[in-house]
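These are the residues of each chain, in order.
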Protein chains: 2
Amino acid sequence: MRSSACYDPSPENSTWLSSKKISFLPLHESNTRQILTLVTTGYSPPLMTDRYSFDLVLLGFGAVAQAFVKLLMQRSPALGFQWRVVGVATRRHHCAVSTEGIDCKTLVNLGTTGELLDMCHDSTMGPQPASALEVLKQLSELYPKRSKENRMVVVENTPFSLDKGQPSVDHVRTALTMPADVITANKGPAAFAYRELSDLATSRGSMFKFEGAVLDGLPVFSLIQETLPGVRVERVRGVVNTTTNYLLTAMERGQTLSKAVIDMQEAGITESDPEIDIEGWDAAAKASILANVLFDANINPHEVKRKGLRTVDETDVRRAHQDGRAVKLIAEAKRHSTGGVATVAPRLLEASDPLARLSGTAKGLVIDTDILGPLMISKTTSGVTHTAYALMADLLSIHRLRTLNVT
Amino acid sequence: MRSSACYDPSPENSTWLSSKKISFLPLHESNTRQILTLVTTGYSPPLMTDRYSFDLVLLGFGAVAQAFVKLLMQRSPALGFQWRVVGVATRRHHCAVSTEGIDCKTLVNLGTTGELLDMCHDSTMGPQPASALEVLKQLSELYPKRSKENRMVVVENTPFSLDKGQPSVDHVRTALTMPADVITANKGPAAFAYRELSDLATSRGSMFKFEGAVLDGLPVFSLIQETLPGVRVERVRGVVNTTTNYLLTAMERGQTLSKAVIDMQEAGITESDPEIDIEGWDAAAKASILANVLFDANINPHEVKRKGLRTVDETDVRRAHQDGRAVKLIAEAKRHSTGGVATVAPRLLEASDPLARLSGTAKGLVIDTDILGPLMISKTTSGVTHTAYALMADLLSIHRLRTLNVT
């Protein structure tokens, strides 16, 4: 089936190719006052630039990618740019390519029901590609030279192996080389190959963004880089993994780790195999990213000093809680003479430590700075929509950077 | 005395007027890796643009303005732009103007010892101006048409009256009209006249920035506007006033309000007259700013529903603390059908409320969002350096926006 779809913020146009009209859409809501507000306070929403369009390629189409597409569809009128999905790659549900745009309602329905994506592929594009790299290759060959107001963005959300972060590192490398911009909530690329990939992005004029990789939708890198100019960060430490924090909260109430794991699996809160989280690998990947980006560490998760939750005595967790203190699995990255270093370990936190208050699915990061002392950013809940939002925020940020022209 | 000084990031040049050399200075530190990092993650430090210069006019030269000048002097090599002070206005220590640049070491010394600023005035500029508005007028007349790479920035830090926010509103209005950019840690302008001043800034192509007015150096507006694109904020509530929070923490330990006030005055932590804080006026001004900027409220502090600390029963504070709960003076602003509304009142917070943990000089804001639920940003300490940093962050932000050219 050949299907075509794109999302145009001006409701009277169903495709940007046929439209000449320039409409005027602010980022937050359709409200002139708000535009003035934002401009005045130094923030530039995408004014008069909603002819800008993104061609999205989804590598991996699991829960996060599906939530991302749904969120984009829902927020389309306010995004300030047009977008369409031109490629999708999955491991078990096949791949699809259509430079005219894949119908996203159909795509989301197939994702929800777990059906094959064959009907989304436009056979005039050539044979159905068999892998993520083949999708990228086919799109590279199919595409004419791209206009200044259209950009390919690869949305990387495939599972990655713990040994070398593959295949996600290869996916990002290939995408940045095309050159396409990359947004990802995947920890693999920045945890295993941040320096190489960021150098590659610079040399190719691409952008590599992964705001959701550490704290879902909570801003970390944009917070430090955009809102704290001139501040030197010395150390960051945080509660970054939902599974282990949820388990520790259950243990505070007197449950054993094994029982808490079973309850969590039954409630559908954790993956079927939570061992990667329990052993601290997820937190180690996040600590590696923090050390790589903030302290130029060039390390991978295997170089993070790591202790998992199985080293914790359940009685200690309960006692600490009764004393007003808390045991938390803390990921930490800090500045060091040799670059950055990172550790993951269960820590006994005093009641006065703001991280001690993050229970259940809460997450947060304490940022030690030279000028402002310790700052903290946190949120109470987590979920797949938050991660999907982080991808949307990355896309909005790319749009803003590629359309800003203040001077 | 005619003195001249400017701060040039390239150490071999003492004035930018004589220098043709383009040097290469990143925002955070002189490190190519970091530049690549920042560019790659979408952040653009001021590359090859350090010929950009700011002419600063200091309206008010109290503790915050002095700390700001000291911080700029200290951080000059890493700022990425040049700056000099071309005007200073004080109420009791006279005013000074010098388009060649006032010597900042002399200026800071005079500020520290509380001496008159007469020796900083360049008499070839005309008679010594007698007020802040006269300083602005004299500078308007003295200045030739400004180059594209030089910008006047007025740094407003005068005390403001509680009835109408004057004279700070007049100062900002005059400055934006010149047109100069305005940075301020003063609550008056945005609390009393945000809509008028932001409209004026837009129409004059000026920038009006006040990141330090609500939470000292902690980012609030840049956090919401730059790092949370597409998120709709429904409500913000926070601990925003140091004096009252410090007093409440003392009351938790069993002190009476009167005794705590005396101790605080003796320790030099609060102004000689803390009544403005105790009655909730400082928090009301901050709540007004939050409602005006985030929810388009167009209100002033008199329209904030306000209850001060004198309505609090000391026993309640102690008991709440013993139960693990806390009484806090909470400033709140929320979205409303008629725009935004704001309140200030002492509230009994449950132990699970993250604001309940902000003791002493800590500050923080909970931001209720549509997509991410409640987020929180907080810091442990406060101080004049934090407020001075907020002014520097505003200046760095203006520099970034005025030199960015991504497309």
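Calculation rules
- Residues numbered from 1 in each chain as written.
- Chains lettered and ligands numbered in written order.
- Predicted model: local features only at pLDDT ≥ 70, side-chain atom pairs only at ≥ 80, totals over all residues.
- Heavy atoms only, no water.
- Helix = DSSP H or I, 4+ residues; strand = E, 2+ residues; numbered from the N terminus.
- Buried < 20%, exposed > 50% of the residue type's maximum accessible area, 1.4 Å probe, protein only.
- Contact = heavy atoms within 4.5 Å.
- pLDDT = per-residue confidence, 0-100.
- Pairing = 2+ DSSP bridges.
- Phe/Tyr/Trp six-rings, centres within 6.5 Å; stacked < 30°, edge-to-face > 60°.
- Lys NZ or Arg CZ within 6 Å of the ring centre and 35° of its normal.
- Polar contact = N/O pair within 3.5 Å; in protein donor to acceptor, adjacent residues only side chain to side chain.
- Salt bridge = Lys/Arg side-chain N within 4 Å of Asp/Glu carboxyl O.
- Patch = residues over 30% accessible without salt bridge, like charges linked within 9 Å, V, L, I, M, F, W, Y side chains within 5 Å.
- Areas by Shrake-Rupley, 256 points an atom, 1.4 Å probe, with all protein chains shown as cover.
- Lys, Arg positive; Asp, Glu negative; His and termini not counted.
- Charge placed at Lys NZ, Arg CZ, Asp CG, Glu CD.
- Core = buried A, V, L, I, M, F, W, Y, C linked by side-chain atoms within 4.5 Å.
- Axes fitted to C-alpha atoms, helices over the stretch in contact; angles between N-to-C directions.
- Parallel < 35°, antiparallel > 145°, perpendicular 65-115°, else oblique.
- Nonpolar A, V, L, I, M, F, W, Y, C, P; charged D, E, K, R; others polar.
- Right-handed = clockwise from strand over helix to strand, strands pointing away.
- Arc of directions from axis to C-beta.

### Describing the side chain of Thr-244 of chain A
Residues and elements named next belong to chain A.
Then comes step 1: Turning to its location among the elements, Thr-244 is positioned in helix α9 (residues 242-252).
Then comes step 2: Residue classification places Thr-244 among the buried residues on the basis of a relative accessible area of 2%.
Then comes step 3: The contact partners of Thr-244, leaving out residues within four places of it in the chain, are Asp-277, Ile-278, Leu-309 and Leu-329.

### Section: the confidence of the model for chain A
All names here are of chain A.
Then comes step 1: Taken over all residues, the pLDDT of chain A has a mean of 86, while the share at 70 or more is 86%.
Then comes step 2: Segment residues 8-49 is flagged for pLDDT under 50; beyond a separation of four residues in sequence, or across chains, it makes 106 contacts in the model.
Then comes step 3: On the interface metric, ipTM, the complex scores 0.87, and its pTM is 0.88.

### Concerning the sheet that holds strand β7 (residues 233-239) of chain A
Then comes step 1: The sheet built from twelve strands is open, its strands ordered β8(A)-β10(A)-β9(A)-β7(A)-β11(A)-β12(A)-β12(B)-β11(B)-β7(B)-β9(B)-β10(B)-β8(B) with mixed pairing. Every interior strand has two partners, whereas the edge strands, β8 (305-306) of chain A together with β8 (305-306) of chain B, have only one.
Then comes step 2: Both β7 of chain A and strand β11 (residues 363-369) of chain A contribute to a ladder of six bridges, which runs antiparallel. Its bridge partner lying in β11 of chain A, Val-233 of chain A is registered against Thr-369 of chain A.

### Section: the packing of aromatic side chains
Then comes step 1: The final tally for this structure, using the stated rule, is twelve aromatic pairs over all chains.
Then comes step 2: Consider the rings of Phe-160 of chain A and Phe-192 of chain A, whose centres lie 6.2 Å apart with planes at 65°: the pair is edge-to-face. Linking Phe-160 of chain A in the loop between β4 (150-156) and α5 (168-177) with Phe-192 of chain A in helix α6 (residues 188-204), this pair joins segments that are 32 residues apart in sequence.
Then comes step 3: Taking the relative accessible area as the measure of exposure, Phe-160 of chain A reaches 22% and is therefore partly exposed.
Then comes step 4: Considering the side-chain rings of Tyr-194 of chain B and Phe-210 of chain B, the 5.9 Å spacing of their centres and the 80° angle between planes classify their relative orientation as edge-to-face. Highlighted residues: Tyr-194 of chain B in helix α6 (residues 188-204) and Phe-210 of chain B in the loop between β6 (208-209) and α7 (212-215), separated in sequence by 16 residues.
Then comes step 5: Residue classification places Tyr-194 of chain B among the buried positions, given a relative accessible area of 3%.
Then comes step 6: What links up through ring pairs into an aromatic cluster is the set Tyr-194, Phe-208, Phe-210 and Phe-221 of chain A.
Then comes step 7: A cation over a ring is seen here: Arg-306 of chain A above Trp-281 of chain A, with NZ or CZ 3.9 Å from the ring centre.

### Some points on the environment of Thr-242 of chain B
Residue and element names in this part refer to chain B.
Then comes step 1: By the secondary structure assignment, Thr-242 is in helix α9 (residues 242-252).
Then comes step 2: Expressed as a C-alpha distance, the spacing of Thr-242 and Thr-381, which sit 139 residues apart in the sequence, is 9.3 Å.
Then comes step 3: Apart from the residues within four sequence positions on either side, Thr-242 is in contact with Met-264, Gly-360, Thr-361, Lys-363 and Ser-382.
Then comes step 4: Polar contacts involving the side chain of Thr-242 include one to the side chain of Lys-363, which spans 3.1 Å.

### Focus: the environment of Gly-254 of chain B
Then comes step 1: Its location among the elements puts Gly-254 of chain B in the loop between α9 and α10 (257-266).
Then comes step 2: For the pair Gly-254 of chain B and Thr-315 of chain B, spaced 61 residues apart in sequence, the C-alpha separation works out to 8.2 Å.

### As for the pattern of salt bridges
Oppositely charged side chains can form a pair if their charged atoms are brought close together.
Then comes step 1: This model, assessed by the stated rule, comprises 46 salt bridges over all chains.
Then comes step 2: Note that Glu-226 of chain B and Arg-400 of chain A form a salt bridge whose closest N and O atoms lie 3.8 Å from each other. Of this pair, Glu-226 of chain B sits in helix α8 (residues 221-227) while Arg-400 of chain A is found in helix α14 (residues 384-403), placing the two residues in two different chains.
Then comes step 3: The network of salt bridges with shared partners includes Glu-226 and Arg-400 of chain A together with Glu-226 and Arg-400 of chain B.

### Brief notes about the side chain of Ser-378 of chain A
Then comes step 1: Of note, Ser-378 of chain A is situated in strand β12 (residues 373-379).
Then comes step 2: When near neighbours in sequence (up to four residues on either side) are disregarded, Ser-378 of chain A contacts Leu-218, Leu-358, Lys-363 and Gly-364 of chain A together with Pro-374, Leu-375 and Met-376 of chain B.

### Looking at a positive patch on the surface
Then comes step 1: On the surface, Lys-305, Lys-307, Lys-334 and Arg-347 of chain A cluster together to form a positively charged patch.
Then comes step 2: As for its position among the elements, Lys-305 of chain A is in strand β8.

### Considering the nonpolar core
Then comes step 1: Core analysis: the biggest nonpolar cluster contains 238 residues, and Phe-68 of chain A together with Phe-68 of chain B have the highest contact counts within it.
Then comes step 2: Aside from chain neighbours lying at most four places away, what touches Phe-68 of chain A is Leu-56, Leu-58, Val-155, Ile-183, Ala-388, Leu-391, Met-392 and Leu-395 of chain A.

### A look at the sheet that holds strand β1 (residues 53-59) of chain B
Residue and element names in this part refer to chain B.
Then comes step 1: Sheet architecture is open: six strands sit in the order β3-β2-β1-β4-β5-β6, paired in mixed fashion. With one partner strand each, in any of the chains shown, β3 (95-102) and β6 form the two edges of the open sheet.
Then comes step 2: Sheet analysis places strand β5 (residues 181-184) next to β6, joined by two bridges and oriented parallel. Bridge pairing links Val-182 to Phe-208 in β6.
Then comes step 3: Along the sheet, helix α2 (residues 63-79) contacts β1, β2 (82-89), β4 (150-156) and β5; its crossing angle with β2, the most-contacted strand, is approximately 165°.
Then comes step 4: Across the sheet, helix α4 (residues 132-142) is in contact with β1, β2, β3 and β4; its angle to β3 comes to roughly 30°.

### A closer look at the packing of α4 of chain B against helix α5 (residues 168-177) of chain B
Residues and elements named next belong to chain B.
Then comes step 1: Across the interface, α4 lies against α5 with an axial gap of 10 Å and an inter-helix angle of 5°. On the basis of the axis angle, α4 is roughly parallel to α5. Of α5, the residues touching α4 (which contributes Ala-132, Leu-133 and Leu-136) are Asp-170, His-171, Thr-174 and Ala-175.
Then comes step 2: Grouping the constituent residues of the contact of α4 with α5 by class yields four nonpolar, two polar and one charged.

### What about the pairing of β5 of chain B?
Residues and elements named next belong to chain B.
Then comes step 1: Of the two faces of β5, the one holding Asp-181 and Ile-183 and the one holding Val-182 and Thr-184 are both buried throughout.
Then comes step 2: Of the strand pairs in this sheet, β4 and β5 are connected by four bridges, and their pairing is parallel. Bridging from a neighbouring strand, Glu-156 pairs with Thr-184 of β5.
Then comes step 3: Between the parallel elements β4 and β5, the chain passes through α5 in a crossover that is right-handed.

### Some thoughts on α9 of chain A
All names here are of chain A.
Then comes step 1: In terms of burial, α9 is largely enclosed, as ten of its eleven residues are buried.
Then comes step 2: Where α9 begins, one side-chain oxygen reaches toward the backbone nitrogen of Thr-243, 3.3 Å away; that side chain belongs to Asn-241.
Then comes step 3: Positive phi appears at Gly-254, one or two residues downstream of α9, with a value of about 105°.

### Thoughts on helix α10 (residues 257-266) of chain A
Residues and elements named next belong to chain A.
Then comes step 1: Listed as buried for α10 are Leu-257, Ala-260, Val-261 and Met-264. Take α10 and look down its axis: the buried residues cluster within an arc of 100°, on one side only.
Then comes step 2: Buried residues in α10 make contact with α9, α11 (275-278) and α13 (314-322).

### Focus: the pairing of strand β9 (residues 326-336) of chain A
Residue and element names in this part refer to chain A.
Then comes step 1: The element β9 is largely enclosed, with a buried count of eight among its eleven residues.
Then comes step 2: Sheet analysis places β7 next to β9, joined by four bridges and oriented antiparallel. Bridged to Arg-235 within β9 is Lys-334.
Then comes step 3: Two strands pair when backbone bridges link them, and β9 and strand β10 (residues 339-349) are joined in this way by eleven bridges, in the antiparallel orientation. Bridge pairing in β10 links Leu-329 to Pro-346.
Then comes step 4: Between the antiparallel neighbours β9 and β10 lie two residues.

### Focus on unusual backbone geometry
Where the residue is not glycine, phi is negative for most of them; where a peptide bond is considered, it is trans in most cases.
Then comes step 1: Each neighbour pair has its own omega, and for Gln-166 of chain A with Pro-167 of chain A the value is 5°, a cis peptide bond.
Then comes step 2: Mapped onto the fold, Pro-167 of chain A is located in the loop between β4 and α5.
Then comes step 3: Of note in the backbone geometry, Asp-216 of chain B takes a positive phi value of approximately 50° without being a glycine.
Then comes step 4: Residue Asp-216 of chain B is classed as buried on the basis of its relative accessible area, which comes to 8%.
Then comes step 5: Phi at Asp-296 of chain B takes a positive value of approximately 55°, unusual for a residue other than glycine.
Then comes step 6: Mapped onto the elements, Asp-296 of chain B comes out in the loop between α12 (281-295) and β8.

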